[in-house]
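# Residue-level structural notes
Listed below, chain by chain, are the residues.
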Amino acid sequence: MSANPTSDIPPPTSAPSPGRPATHGLRRRKLFITPEDHQRFIHFRHDMIQEIDPQDHTEHFFAEQIIAKRWLLLHADEAETAAMRNAYNAQMAYAQKRMQAATPGDPQNEDDCYDLAIAATCTNDKVHLVLRYR
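About the cut-offs
- Residues numbered from 1 in each chain as written.
- Predicted model: local features only at pLDDT ≥ 70, side-chain atom pairs only at ≥ 80, totals over all residues.
- Heavy atoms only, no water.
- Core = buried A, V, L, I, M, F, W, Y, C linked by side-chain atoms within 4.5 Å.
- Buried < 20%, exposed > 50% of the residue type's maximum accessible area, 1.4 Å probe, protein only.
- Helix = DSSP H or I, 4+ residues; strand = E, 2+ residues; numbered from the N terminus.
- Phe/Tyr/Trp six-rings, centres within 6.5 Å; stacked < 30°, edge-to-face > 60°.
- Patch = residues over 30% accessible without salt bridge, like charges linked within 9 Å, V, L, I, M, F, W, Y side chains within 5 Å.
- Areas by Shrake-Rupley, 256 points an atom, 1.4 Å probe, with all protein chains shown as cover.
- Salt bridge = Lys/Arg side-chain N within 4 Å of Asp/Glu carboxyl O.
- Lys, Arg positive; Asp, Glu negative; His and termini not counted.
- Charge placed at Lys NZ, Arg CZ, Asp CG, Glu CD.
- Contact = heavy atoms within 4.5 Å.

Right, let's talk about the nonpolar core for a bit. Generally speaking, soluble globular proteins have nonpolar side chains that are buried together. One finds Leu-31, Ile-33, Phe-41, Phe-44, Met-48, Ile-49, Ala-63, Ile-67, Ala-68, Trp-71 and Leu-72 forming the largest nonpolar core, which totals eleven residues. If you list the elements that add at least two residues to this core, you get α1 (38-52) and α2 (57-101). Counting residues per element, this core draws most heavily on α2, which supplies five residues.

As C-alpha cells, then:
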C-alpha cells in the first residue's frame, strides 16, 4: 500500500481524446475524472478505502478495482438520467406540437402526449447506448 492515500488517484482530465467520444466513457479501462469531480472522487475514494479496509497489497489492488467500477456505475446513473430526460423533453415537445395540429392519429390530450413521449424515450438511441453499458 502506498504511504500517500491519494497517490493512486489519477490526475483530473479535461476531456476524453477526440477519437474516443465521451458517450463511450462507461466502458473505458482507465478511470476518467473531470477537474470538477476530482475533489468529489478523492472523498469518495477515501470513504471507500475506509469501508473496504484492505489489509495487504492484494486487497488494496482489489479495493482500487471496486472503487473504479463503483465510480463508473455512479456516473452511469447520471448518464442514464440525463439521456432519458433529454429524450423525454424532446419527444414531449414534439408530441405537444402534434397535439396542436389536431389531425387524426395525433395525440388528443396531455395523457396521449405523455404516452407518446415515454414510448419514444424507450426507443431513443442514446438511452439504449447508456443502458447497454450498464
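The next subject is unusual backbone geometry. In the Ramachandran plot, Asp-53 falls in the positive-phi region, its phi being about 55° despite a non-glycine side chain. Following the sequence through the fold, Asp-53 ends up in the loop between α1 and α2. Looking at Asp-53, the relative accessible area reads 46%, which means it is partly exposed.

Let us look at the packing of aromatic side chains. Throughout the structure, instances matching the rule amount to five aromatic pairs. With a centroid separation of 4.9 Å and an interplanar angle of 85°, the aromatic rings of Phe-41 and Trp-71 are classed as edge-to-face. Taken together, the residues Phe-41 in helix α1 and Trp-71 in helix α2 connect sequence positions 30 residues apart. The same class applies to Phe-41 as to Trp-71, namely buried. With a centroid separation of 5.4 Å and 70° between ring planes, the pair formed by Phe-61 and Phe-62 is classed as edge-to-face. Grouping aromatic residues by their ring pairs yields a cluster made of Phe-41, Phe-44 and Trp-71.

The next point concerns a negative patch on the surface. Together, Glu-110, Asp-111, Asp-112 and Asp-115 make up a negatively charged patch on the protein surface. Here Asp-115 lies in helix α3 (residues 110-122).

As a further point, take the environment of Ala-87. On the secondary structure map, Ala-87 appears in helix α2. The class for Ala-87 is buried, based on a relative accessible area of 6%. For Ala-87 and Thr-123, which are 36 residues apart along the polypeptide, the C-alpha to C-alpha distance reads 9.4 Å. Leaving out residues up to four positions away in the same chain, Ala-87 has contacts with Thr-121, Asn-124 and Val-127.

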